[in-house]
Each structure stands twice: as structure tokens, then as C-alpha cells.
Amino acid sequence: KQEVTQIPAALSVPEGENLVLNCSFTDSAIYNLQWFRQDPGKGLTSLLLIQSSQREQTSGRLNASLDKSSGRSTLYIAASQPGDSATYLCAVVGGNQFYFGTGTSLTVIP
Amino acid sequence: NAGVTQTPKFQVLKTGQSMTLQCAQDMNHNSMYWYRQDPGMGLRLIYYSASEGTTDKGEVPNGYNVSRLNKREFSLRLESAAPSQTSVYFCASSVVANTEAFFGQGTRLTVV
């Protein structure tokens, strides 16, 4: 069974700092990896999808990388803002389902 | 631009009661999913429907049933609610299996 781990569980940074969120998975036979954002009491918002054949994907201040062989993905957030405060979830896609980590709760301090 | 719509948003049930959670998507997606989210456990798959007319069990299907009513709608039924089913339930859809998923806003269910 695919196991997905996100470290750290919580992160607090001052506004303007660049930061990296980590996601690791145990089975490298994946289709895609998807990063989500979840605000308190809300649903999941898709941020980036990296296909298994890709190394990275960028959207605005966000850059996600994927290294299947080592079972790792990172989400890089540049020039963090207070509005980036949320929980970030990664999901490994395969076998007709998404396997989620428990997320990293990010707080950006003004 | 509705995307994935879930109803209701909140529900309180007594142990043993039944209810159906509704989910509809307007993106012409083939695949739909039901997840539950619990603190410290992440999201876990209850059931999924790879395409209209098919449903399959996920990681935690016990106590639940599903119906893929048509391409747009995928409902989740609790026949006899238990306190262990207190959770936040999310419906999601994707064009086909293993592609980008889009989630609804969730249903917060409390069983007392």
C-alpha cells in the first residue's frame, strides 16, 4: 500500500521568505502527483499536477518537483505572503485513487 | 463555474439513523470519488467510480454504500450511522482515473 509522508507537520515563517514543503512516498509506480491547498473548514484546491514523466511544474510563485526514483516531491513557495497560510497536501495518484499525506500547516507571519 | 457541489454542508445524526450525501459535478468527468478526512489520518478513500455504471471499494468502505446515478451524480449512503463515522466527507471528480482531481467543499457530519 502506498504510504505518503509530509514533513514538517507545521511550519511558521516570516512574510517574504522562500520555503520548501516536502512529500515522500513509498511506491515509485505512480501516474501523477498533485499538490493541494486546504483552508480551514474548506475543501481542497488544486495547485499543481506533475505527471510521472515530468520533473517539475510551475504556477506563479509555486514550483513543484518530482523525483520518482527517490520517492520525493517538493513544493517551493517563493516570496511567501500571509495569504499563503493554509494546509498543503500532496497526493500520489495511482491505481485509480489518490493517496494523501497528512499535510503541512503553513503560517506566514506578517 | 460550480465544479463539484456537495449537499448538505453540515449534518448531525443520531446513532442508527440513515442519510445520503449528495455530490454532483458539471465538468463532464468520468471518474468520481468519496473520501473522508479525519484528524491525523489524512484523506482516505471510501468508494470510487471510474466511470458511469461502475463502483469500487476503497480503503474504508465498511458502513457505506454508493450509487453512481448518472455521469454527473455520485451519492454516498450511511445506512445506520455510528459515532465512528463522524468526519468530514469530500467528493471529488477527474476526467478519467489517475488524472487531476477537483474537490467539493465537504460535508461535516457528526453522529451522536
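A brief report on the enclosed structure follows.

1. Things to note about the overall build of chain B
Right, so step 1: For chain B, the count of helices and strands is zero helices and eleven strands.
Right, so step 2: In chain B, the succession of α and β elements from N to C terminus is β-β-β-β-β-β-β-β-β-β-β.
Right, so step 3: For chain B, whose C-alpha radius of gyration is 13 Å, the value lies close to the compact-globule estimate of 13 Å for 112 residues.
Right, so step 4: C-alpha extents for chain B along the principal axes are approximately 35 × 30 × 25 Å.

2. Quick look at the pattern of salt bridges
Right, so step 1: Counted according to the given criterion, the structure contains seven salt bridges over all chains.
Right, so step 2: Between Lys1(A) and Glu59(B) there is a salt bridge, and its shortest N-O distance comes to 3.7 Å. In this pair, Lys1(A) sits in the segment before strand E1 (4–7) while Glu59(B) sits in the loop between strand E6 (56–57) and strand E7 (64–68), so the two residues belong to two different chains.
Right, so step 3: Put simply, Arg61(A) and Asp84(A) hold a salt bridge, and the shortest N to O gap is 2.8 Å. Of this pair, Arg61(A) sits in the loop between strand E6 (56–59) and strand E7 (62–67) while Asp84(A) sits in the loop between strand E8 (72–77) and strand E9 (86–94), and the two are 23 residues apart along the sequence.
Right, so step 4: With relative accessibility at 29%, the residue Arg61(A) sits in the partly exposed group.

3. As for the interface of chain A and chain B
Right, so step 1: The partner chain B presents 20 residues to the 22 residues of chain A that form the contact.
Right, so step 2: Taking both partners together, chain A and chain B bury about 1,800 Å²; carbon and sulfur atoms supply 55% of that area.
Right, so step 3: If you sort the residues of chain A by the area they bury against chain B, Asn96(A), Phe98(A) and Phe100(A) come out on top, with a joint share of 33%.
Right, so step 4: Inspection of the region where chain A meets chain B yields one salt bridge.
Right, so step 5: At the junction of chain A with chain B, the criterion picks out six residue pairs in polar contact (both at pLDDT 80 or more).
Right, so step 6: Secondary structure elements with two or more residues in the side of chain A that touches chain B: strand E4 (32–38), strand E5 (44–51), E9 and strand E10 (97–100) of chain A.
Right, so step 7: Among the elements that line the side of chain A that touches chain B, the one with the most residues is E4(A), at four residues.
Right, so step 8: The residue makeup of the side of chain A that touches chain B, split by class, is eight nonpolar, twelve polar and two charged.

4. Topic: the packing of aromatic side chains
Right, so step 1: All chains considered together, the criterion is met by nine aromatic pairs over all chains.
Right, so step 2: Ring centres of Phe100(A) and Phe103(B) lie 5.9 Å apart, and the angle between their planes is 85°; on these two criteria the pair is classed as edge-to-face. Taken as a pair, Phe100(A) in strand E10 and Phe103(B) in strand E10 (residues 101–103) lie in two separate chains rather than in one.
Right, so step 3: You can call Phe100(A) buried: its relative accessible area is 8%.
Right, so step 4: When its relative accessible area of 8% is taken as the criterion, Phe103(B) is described as buried.
Right, so step 5: Between the aromatic rings of Tyr33(B) and Tyr35(B), the centroid separation amounts to 6.5 Å while the plane-to-plane angle is 35°, which identifies the pairing as tilted.

5. Re the sheet that holds strand E8 (residues 74–78) of chain B
Residue and element names in this part refer to chain B.
Right, so step 1: With respect to topology, four strands assemble into an open sheet ordered E1-E3-E8-E7, the strand pairing being antiparallel. Single-partner strands in this sheet number two, and they are strand E1 (4–7) and E7. Each strand axis lies, on average, 15° off the axis of its neighbour in the sheet, ignoring direction.
Right, so step 2: Strand direction decides the pairing type here: E1 and strand E3 (residues 19–25), joined by four bridges, are antiparallel.

6. Here's the deal with the state of the cysteines
Residues and elements named next belong to chain A.
Right, so step 1: According to the stated counting rule, one finds two disulfides over all chains in the structure shown.
Right, so step 2: Cys23 shares a disulfide with Cys90; S-S distance 2.0 Å. Sign of the S-S torsion, about 70° for the bond between Cys23 and Cys90, identifies this disulfide as right-handed. In this pair, Cys23 is assigned in strand E3 (residues 19–25) and Cys90 in strand E9, connecting sequence segments 67 residues apart.
Right, so step 3: For Cys90, a relative accessible area of 0% gives the class buried.

About the criteria used
Along each chain, numbering runs from 1 in the same order as the chain's sequence is written. Labels are handed out in written order, letters beginning with A for the chains and numbers beginning with 1 for the ligands. Per-residue local features are limited, in this predicted model, to residues with pLDDT of at least 70; the limit for side-chain atom pairs, both in listing and counting, is 80 or more; totals at the level of whole chains, interfaces and linings are taken over all residues. Side-chain measures here rest on the full set of heavy atoms in the structure, leaving out hydrogens and waters. In DSSP terms, a helix is any run of H or I states spanning at least four residues, a strand is any run of E spanning at least two, and both are numbered starting from the N terminus. Note on method: radius of gyration uses C-alpha positions; expected globular size equals 2.2 Å times residues raised to 0.38. When a carboxyl oxygen of Asp or Glu is within 4 Å of a side-chain nitrogen of Lys or Arg, the pair counts as a salt bridge. Whether a residue is buried, partly exposed or exposed follows from its accessible area with a 1.4 Å probe, protein chains only, as a fraction of its type maximum: under 20%, in between, or over 50%, in that order. Residues are treated as being in contact if the distance between any of their heavy atoms lies within 4.5 Å. By buried area we mean the combined loss of accessible area, with a 1.4 Å probe, across both parts when two parts are placed together. N or O atoms closer than or at 3.5 Å make up a polar contact, with two conditions inside protein: a donor-capable atom paired with an acceptor-capable one, and, for residues adjacent in sequence, both atoms drawn from side chains. Amino acids are sorted into nonpolar (Ala, Val, Leu, Ile, Met, Phe, Trp, Tyr, Cys and Pro), charged (Asp, Glu, Lys and Arg) and polar (every other residue, Gly among them). Here a pair means two rings of Phe, Tyr or Trp (six-membered ring of Trp) with centres within 6.5 Å. Their orientation is stacked below 30 degrees between planes, edge-to-face above 60, and tilted elsewhere. If DSSP finds at least two bridges between two strands, the strands pair. Structural elements are reduced to axes, namely lines fitted to C-alpha atoms, with helices fitted over the stretch in contact, and the angle between N-to-C directions of any two is expressed from 0 to 180 degrees. Disulfides are defined in this document as cysteine sulfur pairs within 2.5 Å.

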